[in-house]
Amino acid sequence: SQWVKLAEEQGEIVRKLKEEIKADPSRPKDELDAAVAKLKELKAKADDPMNALEDPVTKGKYDLVRSVGEECVADGELAMLMARKPESFVLYDGFEPSGRMHIAQGVFKAMNVNKCTRAGGTFIFWVADWFALMNDKMGGDLEKIKTVGKYLVEVWKATGMDMERVKFVWSSDEISNNAAAYWTQALDIARRTTIARVKKCCQIMGRLENKLTAAQILYPLMQATDIFFLKADICQLGVDQRKVNMLAREYCDSAGIKNKPIILSHHMLYGLKKGQEKMSKSDPDSAIFMEDSVEDVARKLNNAYCPATAEEEEKKAPAEGDEIDAGLESMHLVENDLKNPCLDYVDNIIFAVPDQVFTCGGIDYTSFASVKEAFVGGKMDEATLKAALIDAVNKLLDPVRKHFSENAEAKALLEQMIEWKKADLKPPIGLKRLVAADASKGPVWAVVAPPANENLNLGEVCSVLRQLTAAPGDVQLILWCPDWTSFVLNKCGGDQKVITACYTMLREALAAVKPDVMARVTVLMQSEAILKDPSQYWISVINVGRYFQLQRVREVDETNEYAGQVIAALMHVADVLALAPLTLACSSASSLEAANKLAVAYIEETHVTEIGKPSITSLDPLDSLLKPKHMMEGPANADDDIFVLDNSMDVGRKLKRAFCEPGNIEHCPPI
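Fair warning: this is a prediction, and the values are worked out from it, not measured in the lab. (Residues numbered from 1 in each chain as written. Predicted model: local features only at pLDDT ≥ 70, side-chain atom pairs only at ≥ 80, totals over all residues. Heavy atoms only, no water.)

**A few points about the overall build of the protein**
At step 1: Check the secondary structure of the protein and you find 27 helices and 13 strands.
At step 2: Once the C-alpha set of the protein is aligned to its principal axes, its extents read approximately 100 × 95 × 50 Å.
At step 3: Counting only residues that meet the buried cut, the protein has 50% of its 671 residues in that class.
At step 4: Put simply, of all contacts in the protein between residues at least 6 apart along the chain, 76% involve residues at least 24 apart. (Helix = DSSP H or I, 4+ residues; strand = E, 2+ residues; numbered from the N terminus. Buried < 20%, exposed > 50% of the residue type's maximum accessible area, 1.4 Å probe, protein only. Contact = heavy atoms within 4.5 Å.)

Okay, structure coming up:
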């Protein structure tokens, strides 16, 4: 960059001035101060990433990609990406195959994709068929959902999307084939993200922030996971997804990831009715859909809201207890007083097509600005604008209609879609769960090990032994080691190898102390069990989260602040469903006891019939503290407890120093 050269030259000037002042201390420093200030200014310009645009090829790519977004976070990063990876940068967007495609997802998206791929990028569509399955779309039939996805791909082909550098990645295949990588990434984001931060993302589900279920904490975390799983350089989604994309960037700061995903947010089209901030699939008249007939287009646009002057909106402050949609304030980033959906269509649908000419009232317009000026200035009336818009939209949809009438494969897909739509498909009824225990071996007495602790103490070992030895002789004893739950709770600093080692240490300690008991015990590592059928497990986690309000789940651990703590509670319920135990043994007055009660409540309240409702056996916990609890205030001291890895000298030293007040039987750790 020219600024680097100028900064180097100015640096030499500053160096010489310093030498001259050193040789003659009486010389005024004003000239040096001015030179240093100029050097700082030149260095700032030299460090500006926008300097990458001095290369005309890089600037051309940048301008093409940047034109897609209403906002870019951040422009400098985008400029550097175009210089660093001119032909290999990756963009991503996701969609759930749930049926219909509106015109913004069809035409607007196709044109934006073409701009990005023409600039040298590869565009990945994350086909969220697994999420559609989770949401019971198309009767909960994955093959039907995949067929819907194929139908949408055919729509894009007919619309003119250049498929040469476009990839469709099916989430059901990718998540199942890479379950460990995907879900540990999701759990890592959860353990680093506060609940308050995730709640800001609630508009991506179209939900109201003060009416959240626990599952709605998980959804944004999974969407952020998609970004890293796909190794996307650019998140090219709508403005309504901005908050969850920003969450992904904030996660990079926490995780020490240098190259953050660039957020390129495209405009959200207004709904056709007055006051609709965006189009809605649930309201067919709020938008033009890609399969709409000529008559549908005419009816919808003729009835569309179309002001020529700004109308004052009545904004009421929400009353106490009213529902508040946290997403509305970020739906549009560019000020638009008119909020005229017809003009919005002209701008973002009609003129999205390259070299487009909009003919209205016998006049050819080559820019949106000229159309808006004519309409607002009274040279074009509402009826004339709408008639021209109807004609232009139908011309864009005609190739789609033709494709689905003449292409045999596309025609068959459309006919199948219509048939399923008429059938009113219902999802299957029944409990979805991981099966982790063999019921044929007898009823299960389950003990869930405490979260991993690298400083495993004797009290924890004895408490687990007490829970195991309380079991009758005619049950199968299972010790469940929740390693992924420990990870999402950020135990052992989130080091998964250390967490695994902790449970190995617990298992070996138990076997050393009570080998006869452990000979009866089946030890199951949570992660290993989950990976045998990850799809069913995580669907069960999400279903539990859908049922419970967020606040109820947070009551399991009222001190919780992080999303990981909510996910841990949901996972515990899914663990219980997977084990289907007759009895759950735990320490009384513990967070595990509260989580067990939540699991039992879920089974009872949702009328689960596939497995029985377990009983809870709560036993007094044991501790190995060497001071009474009322003396444990202040910083932790390793000499205040007996740890599994203590040697004989450690134990002897600690016991000699243990609190042992004569006559005090109530608070006497050695006793």
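Additional details are given in the paragraphs that follow.
**Considering the pairing of strand 10 (residues 476–481)**
At step 1: Of all the 6 residues making up strand 10, 6 are buried; the element is thus mostly covered by neighbouring parts of the structure.
At step 2: Alternating residues of strand 10 divide into Gln476, Ile478 and Trp480 and Leu477, Leu479 and Cys481, and every residue in both groups is buried.
At step 3: Pairing analysis gives 5 bridges linking strand 9 (residues 444–448) to strand 10, with the strands arranged parallel. Bridge pairing in strand 10 links Trp445 to Leu477.
At step 4: This β-α-β element, strand 9 to helix 18 (residues 458–469) to strand 10, shows right-handed connectivity.
At step 5: The pairing of strand 10 with strand 11 (residues 521–525) spans 5 bridges and is classified as parallel. (Pairing = 2+ DSSP bridges. Right-handed = clockwise from strand over helix to strand, strands pointing away.)

**A closer look at the sheet that holds strand 1 (residues 71–73)**
At step 1: With mixed pairing, the 6 strands of this open sheet are ordered in space as 1-6-5-2-3-4. The open sheet has two edge strands with one neighbour each: strand 1 and strand 4 (166–170).
At step 2: Looking at chain direction, strand 5 (residues 234–235) and strand 6 (residues 262–265) are connected through 2 bridges and run parallel. Counted as the bridge partner of Ile234 is Ile262 from strand 6.

**Structural notes on the pattern of salt bridges**
At step 1: Applying the stated rule across the entire model yields 41 salt bridges.
At step 2: Where Arg299 meets Asp285, a salt bridge forms, and the shortest distance between an N and an O atom there is 2.9 Å. In this pair, Arg299 sits in helix 13 (residues 294–302) while Asp285 sits in the loop between strand 6 and helix 13, placing the two residues 14 residues apart along the sequence.
At step 3: What makes Asp285 partly exposed here is its relative accessible area of 30%.
At step 4: Here Asp391 ties to Lys395 by a salt bridge, and the two come within 3.4 Å at their closest N and O atoms. Of this pair, Asp391 and Lys395 both sit in helix 16 (residues 382–406), 4 residues apart, roughly one helical turn. (Salt bridge = Lys/Arg side-chain N within 4 Å of Asp/Glu carboxyl O.)

**What to know about the sheet that holds strand 10**
At step 1: Across the sheet, 5 strands lie side by side as 11-10-9-12-13; this open sheet has parallel pairing. The sheet is open, and its two borders are formed by strand 11 and strand 13 (615–619), each paired with just one other strand. Neighbour to neighbour, the strand axes of the sheet diverge by 25° on average, direction disregarded. (Axes fitted to C-alpha atoms, helices over the stretch in contact; angles between N-to-C directions.)

**Concerning the packing of helix 14 (residues 341–350) against helix 16**
At step 1: Two elements in contact, helix 14 and helix 16, have axes whose closest approach is 11 Å; the angle formed by their N-to-C orientations is 35°. Crossing hand, helix 14 versus helix 16: left-handed. Across the interface between the two elements, Cys342, Leu343, Tyr345, Val346, Ile349 and Ile350 from helix 14 touch Leu385, Lys386, Leu389, Ala392, Val393 and Leu396 from helix 16.
At step 2: Per-class residue counts for the contact of helix 14 with helix 16 are 11 nonpolar, no polar and 1 charged. (Left-handed = near helix turned anticlockwise from the far one by under 90°. Nonpolar A, V, L, I, M, F, W, Y, C, P; charged D, E, K, R; others polar.)

**With respect to the packing of helix 23 (residues 534–547) against helix 25 (residues 563–579)**
At step 1: Direction vectors running N to C along helix 23 and helix 25 enclose 120°, while the axes themselves pass 8 Å from each other. For the element pair helix 23 / helix 25, the angle class is oblique. Of the two possible hands of crossing, helix 23 and helix 25 adopt the one that is right-handed. Residues Tyr537, Trp538, Ser540, Val541, Val544 and Gly545 of helix 23 lie in contact with helix 25, whose contacting residues are Leu570, Met571, Val573, Ala574, Asp575 and Leu577.
At step 2: Across the contact of helix 23 with helix 25, the residue classes tally to 9 nonpolar, 2 polar and 1 charged. (Parallel < 35°, antiparallel > 145°, perpendicular 65-115°, else oblique.)

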